[in-house]
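Structural overview for review
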Amino acid sequence: MNRRSFLSSALAFGGAALVPVPLLALAGDKGSKESGVGRLVRTDEEWRRRLTPEQYEVTRRAGTEAPYSSPLTDEHAGGKFLCVCCDLPLFSSKAKYNSRTGWPSFWTPLSKKHVREQEDRSLPEVRTEVLCARCDAHLGHVFDDGPPPTGLRYCLNGVALKFVPGKA
Ligand SMILES: [Zn+2]
């Protein structure tokens, strides 16, 4: 299947499709060739329709929620934090900690294969952006001032996450 016929069949499914990894090369996407989580592709219009304005602004426009605005910042129950756009499990309550920044913070993702990192030069300070490996949702940034054992601080927008209590 060439790229054009893939895109038209994706559109036939309402703009959404889980793309098997081999097709990624055809689509010119180098980012998650080895992610093994598949790809969820939707049009911008589709995302706008499916998400709340706040979820859309943060996940599809790389916005930042106001600190202390998300109830997930103080969520201390056991469970998993999923991508609000595609339900991919991203972070566990086991790696959550109180960073006193006002944003949900973790010292590691559930799997390195479930998140993608890329350089963000939108501010004078160069930061590392964290995105969902399946649907490219902007989640937040990762900094190197976190606690042991990784020393990392995944500083996330609660609005980009969906908390599912249960097995962490
Ligand atoms: Zn996602």
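Below you will find a few notes about this structure. Treat the numbers as computed from the prediction; the structure is a model and nothing was measured.

Considering the environment of Val37
For Val37, the location among the structural elements is in the loop between helix H2 (21–26) and strand S2 (39–41). Sequence separation between Val37 and Lys113 is 76 residues, and the spatial gap between their C-alpha atoms is 7.5 Å. The contact partners of Val37, leaving out residues within four places of it in the chain, are Leu88, Lys113, His114, Ala133 and Arg134.

Here we look at the pattern of salt bridges
The full count for this structure, using the stated rule, is 11 salt bridges. Asp44 is paired through a salt bridge with Arg61; the nearest N and O atoms lie 3.7 Å apart. Taken as a pair, Asp44 in helix H3 (residues 44–50) and Arg61 in helix H4 (residues 53–61) lie far apart in primary sequence, 17 residues in all. Exposure remark for Asp44: the relative accessible area of 36% places this residue in the partly exposed category. A relative accessible area of 47% places Arg61 in the partly exposed class. In this structure, the salt-bridge partner of Arg127 is Asp120, at a minimum N-O distance of 3.3 Å. Considered together, Arg127 and Asp120 belong to a single accessibility category, that of buried residues. Overlapping salt bridges bring together Arg42, Glu46, Arg49 and Arg50 as one network.

Things to note about H4
Burial in H4 covers these residues: Gln55, Tyr56, Val58, Thr59 and Arg60. Looking at the packing, one finds that the buried side of H4 touches H3 and strand S9 (138–143).

Focus: the pairing of strand S8 (residues 127–132)
Of all 6 residues in S8, 5 are buried, a share of seventy percent or more. In the sheet, strand S7 (residues 115–120) pairs with S8 via 6 bridges, with the strands oriented antiparallel. Across the sheet, residue Arg116 finds its bridge partner in S8, namely Leu131. Here S7 hands over to S8 after 6 residues, the two strands then running antiparallel side by side. With 4 bridges joining them, S8 and S9 adopt antiparallel strand pairing. Residue pairing across strands places Glu129 opposite His141, the latter belonging to S9.

Digging into the coordination of the zinc ion
Only Cys83 (SG), Cys86 (SG), Cys132 (SG) and Cys135 (SG) from the protein coordinate the zinc ion, and they sit 2.3 to 2.4 Å from it. Here the zinc ion is ringed by 4 donor atoms whose angles at the metal span 101 to 115°, and the overall shape comes out tetrahedral. As a motif over one chain, the donors of the zinc ion read C-x2-C-x45-C-x2-C. Of this pair, Cys83 sits in strand S3 (residues 79–83) while Cys135 sits in the loop between S8 and S9, and the two are 52 residues apart along the sequence.

Quick notes on the pairing of S3
Burial analysis of S3 places 4 of its 5 residues in the buried class, the great majority of the element. Pairing of S3 with strand S4 (residues 89–92), which is carried by 3 bridges, proceeds in the antiparallel orientation. Each bridged residue has a counterpart across the sheet, and for Lys80 the counterpart in S4 is Ser92. Once S3 ends, the chain turns through 5 residues before running back antiparallel as S4, passing Asp87 with a positive phi of about 70°.

The rules behind the values
Residues numbered from 1 in each chain as written. Predicted model: local features only at pLDDT ≥ 70, side-chain atom pairs only at ≥ 80, totals over all residues. Heavy atoms only, no water. Helix = DSSP H or I, 4+ residues; strand = E, 2+ residues; numbered from the N terminus. Contact = heavy atoms within 4.5 Å. Salt bridge = Lys/Arg side-chain N within 4 Å of Asp/Glu carboxyl O. Buried < 20%, exposed > 50% of the residue type's maximum accessible area, 1.4 Å probe, protein only. Pairing = 2+ DSSP bridges. Donors = N, O, S within 2.8 Å, 3.2 Å for Na, K, Ca; no water. Tetrahedral: all angles 85-135°; square planar, octahedral: opposite > 155°, others 65-115°.

Distances and angles like these do not, on their own, reveal function.
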